[in-house]
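This is what each chain is made of:
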Amino acid sequence: MVCGVAFADEVKIGMLQGFTGPTESLVAPMAAGGELAIKEVSDSGLFLGGSTVSVIRGDSTCIDAAAATATAERLVTSDGVAAINGATCSGATTAVLNNVAI
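Quick caveat, the model's predicted, so the values are computed rather than measured.

Cut-offs used in this document
- Numbers given to residues run from 1 along each chain, matching the order in which its sequence is written.
- The model is predicted, so local features are restricted to residues of pLDDT at least 70 and side-chain atom pairs to those at 80 or more, both for listing and for counting; the totals for chains, interfaces and linings are taken over all residues.
- No hydrogens and no water enter the side-chain calculation; it runs on all heavy atoms of the structure.
- Take the buried Ala, Val, Leu, Ile, Met, Phe, Trp, Tyr and Cys residues and link them wherever side-chain atoms come within 4.5 Å; each set so joined is a nonpolar core.
- Type-normalised accessible area, obtained with a 1.4 Å probe on protein chains alone, sets the label of each residue: buried when under 20%, exposed when over 50%, and partly exposed for intermediate values.
- A run of H or I in DSSP counts as a helix once it spans at least four residues, and a run of E counts as a strand once it spans at least two, with each numbered from the N terminus.
- Residues adjacent in sequence count toward polar contacts only when both atoms are side-chain atoms; beyond that, a polar contact is any pair of N or O atoms within 3.5 Å, and within protein one must be able to donate a hydrogen and the other to accept it.
- In this analysis, two residues are considered to be in contact whenever any of their non-hydrogen atoms come within 4.5 Å of each other.

Colleague: So, the nonpolar core: which residues are in play, and what are the values?
Modeller: Side chains of a nonpolar character, in soluble globular proteins, are inclined to be buried together. Counting 10 residues, the largest nonpolar core consists of Leu16, Ala68, Ala72, Leu75, Val76, Val81, Ala87, Ala92, Val96 and Val100. Elements supplying a minimum of two residues to this core: helix 2 (65-77) and helix 3 (90-99). The greatest single-element share of this core, amounting to four residues, is contributed by helix 2. Residues Met15, Val27, Ile38 and Val53 belong to the second largest nonpolar core, which totals seven residues.

Colleague: Let's hear about the side chain of Ser42: which residues, and what values?
Modeller: Mapped onto the elements of the fold, Ser42 is located in helix 1 (residues 24-44). Accessibility expressed as a relative area gives 13% for Ser42, which makes it buried. Reaching out from Ser42, the side chain makes a polar contact with the backbone nitrogen of Val53 at a distance of 2.9 Å. Each residue touching Ser42, except ones within four places of it in the same chain, is listed here: Thr52 and Val53.

Colleague: Please set out the environment of Gly45 residue by residue, giving values where relevant.
Modeller: Looking at where Gly45 falls in the secondary structure, it is placed in the loop between helix 1 and strand 2 (52-59). Its relative accessible area of 35% is what places Gly45 among the partly exposed residues. Expressed as a C-alpha distance, the spacing of Gly45 and Ala101, which sit 56 residues apart in the sequence, is 28 Å.

Everything listed here is a matter of coordinates, which is why it stays silent on function.
This is how it looks when you write it as structure tokens:
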């Protein structure tokens with residue numbers, strides 16, 4: 001059985017990082033690198049039969065597990081992402097892993 005998005009017109013990936021908080025100076029180049037890689041994949045036209053890939057940013061704050069969970073939940077339910085890249089910090093990542101499902 002195959003799960004997830006297959007041969008869609010657009011595949012959305014959530015970029016859940018600590019855009020604010022103690023790691024914000026580190027996150028800007030990390031997110032830019034991830035977004036560049038995703039853009040290259042999308043621009044190649046080779047992903048899932050030519051599907052485009054877009055990034056939707058979400059702020060985990062790095063230090064607030066509840067905010068990270070709420071943001072990840074929004075990325076999944078409202079924004080319809082097929083995957084999430086992140087979060088930056090282990091506490092936020094653990095909270096998202098335990099509370100949000102794609």
